[in-house]
Every structure is written in structure tokens, then in C-alpha cells.
Amino acid sequence: MQAQLIELAGQLGQWFRPYQGQCAMAIIATLLVLFGGEISQSIRQLIKNQHLVVRTLIFVLVCAFGYGAATVWLSGLLAELLAQISDLYLVPVVVSVFVGLGMYAQKQRHI
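Just so you know, these numbers come straight off a predicted model, no measurement behind them.

Rules and cut-offs
- Residues numbered from 1 in each chain as written.
- Predicted model: local features only at pLDDT ≥ 70, side-chain atom pairs only at ≥ 80, totals over all residues.
- Heavy atoms only, no water.
- Helix = DSSP H or I, 4+ residues; strand = E, 2+ residues; numbered from the N terminus.
- Buried < 20%, exposed > 50% of the residue type's maximum accessible area, 1.4 Å probe, protein only.
- Polar contact = N/O pair within 3.5 Å; in protein donor to acceptor, adjacent residues only side chain to side chain.
- Contact = heavy atoms within 4.5 Å.
- Core = buried A, V, L, I, M, F, W, Y, C linked by side-chain atoms within 4.5 Å.
- Phe/Tyr/Trp six-rings, centres within 6.5 Å; stacked < 30°, edge-to-face > 60°.
- Expected span 1.5 Å × (residues − 1).
- 1 Å grid on protein atoms, 1.4 Å probe; cavity = no way out; pocket = protein on both sides within 12 Å on 5 of 7 lines; lining within 4 Å.
- Points joined across faces, edges and corners; volume = space filled by probe spheres on them.
- Patch = residues over 30% accessible without salt bridge, like charges linked within 9 Å, V, L, I, M, F, W, Y side chains within 5 Å.
- Areas by Shrake-Rupley, 256 points an atom, 1.4 Å probe, with all protein chains shown as cover.
- Salt bridge = Lys/Arg side-chain N within 4 Å of Asp/Glu carboxyl O.

Undergrad: Quick rundown of the side chain of serine 75? Include the residues and the values.
TA: Mapped onto the elements, serine 75 comes out in helix H3 (residues 52–83). Judged by relative accessible area, serine 75 falls into the buried class, the value being 4%. Among the polar contacts made by the side chain of serine 75, one reaches the main-chain carbonyl oxygen of threonine 71 at a distance of 2.5 Å. When near neighbours in sequence (up to four residues on either side) are disregarded, serine 75 contacts Ala24, Met25, Ile28 and Ala70.

Undergrad: Mind laying out the nonpolar core, listing which residues take part and the relevant values?
TA: The tendency in soluble globular proteins is for nonpolar side chains to be buried as a group. Formed by 14 residues in total, the largest nonpolar core has its most connected members in Phe16, Leu78, Leu82 and Val94. Listed by contribution, the elements that provide at least two residues to this core are helix H2 (20–47), H3 and helix H4 (87–107).

Undergrad: Account for the packing of aromatic side chains, with residues named and values stated.
TA: Counted under the stated rule, the structure contains three aromatic pairs. Geometrically, the ring pair formed by tryptophan 15 and phenylalanine 16 is tilted, given 6.4 Å between the ring centres and 45° between the ring planes. The class for tryptophan 15 is exposed, based on a relative accessible area of 55%. Through a chain of ring-to-ring contacts, three or more aromatic side chains come together here, namely Trp15, Phe16 and Tyr19.

Undergrad: Quick rundown of H3? Include the residues and the values.
TA: Here H3 spans 44 Å end to end across 32 residues, near enough to the 46 Å set by a 1.5 Å rise per residue. Of all the positions in H3, only Tyr67, Thr71, Ser75, Leu78, Ala79 and Leu82 are classed as buried. Of the surrounding elements, those touching the buried residues of H3 are H2 and H4.

Undergrad: Tell me what's going on with the layout of surface pockets, and back it up with residues and numbers.
TA: By volume, the largest pocket amounts to about 150 Å³. If you trace the largest pocket, you find it lined by Ser40, Ile43, Arg44, Ile47, Arg55, Phe59, Val62, Cys63 and Tyr67. Elements with a contribution of two residues or more to the lining of the largest pocket: H2 and H3. A total of five residues in the lining of the largest pocket trace back to one element, the largest contributor, which is H3.

Undergrad: Break down a nonpolar patch on the surface for me, with residues and values.
TA: A cluster of nonpolar side chains, Met1, Leu5, Leu8, Leu12, Trp15 and Tyr19, forms an exposed patch at the surface whose accessible area comes to about 690 Å². The residue methionine 1 is located in the segment before helix H1 (2–16) in this model.

Rendered as C-alpha cells:
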């Protein structure tokens with residue numbers, strides 16, 4: 001029975017392997033959703049005394065380029081980390097990460 005479960009976990013990991021890039025992006029996007037408000041609030045506090053044009057420019061730079069660049073760069077980094085995980089543990093790790101993020105979101109009343 002235990003050997004069958006280990007074999008199944010390995011097969012699931014092999015099946016999931018081509019999707020690790022999309023999964024990494026989903027994790028990073030979830031993190032940005034969870035912490036984006038706090039990041040924006042911190043930036044807002046830093047630039048609140050600036051001229052409207054400067055505040056608008058910084059907002060555009062942070063939202064369009066900052067979050068976009070963070071998503072692309074961090075997703076690639078996370079995909080590389082996921083690539084180092086054995087097929088046997090890949091799916092349990094990914095599921096655990098999403099469950100942990102869901103629990104955090106529930107605790108913070110995001111959902």
C-alpha cells in the first residue's frame with residue numbers, strides 16, 4: 001500500500017512537472033494579491049508629500065513595471081526552485097504552499 005502511494009506521488013509529480021512555470025506564476029500572483037495592498041500603502045506613505053504628477057508617475061511605474069517585473073522575475077526564480085524538488089514531493093509541496101496561502105488569506109480576512 002505504501003509503495004503504491006509513493007509510486008502515485010511520483011507519477012503525479014512527473015505529470016505536474018511541465019506546469020511548474022504556470023504554478024510558480026500563480027503562487028507569485030497570489031502573493032502579490034495578498035500583499036499588494038500593503039506594498040501600495042507603504043509606497044503611498046513614502047510619496048504622499050510629492051506633487052500630483054510625481055505621485056502619478058511613481059504609481060504607474062510601480063504598478064505597470066514594478067509588479068510586472070516582480071511577477072516575471074520571481075516566477076522564474078520560483079520555477080527554478082520547484083525544478084529542484086523531486087517528483088515525489090513536488091505536488092505535496094505545491095498543494096501545501098497554496099493551502100498555506102489560503103489559510104493566511106482567511107486569517108487576514110482576504111476571503
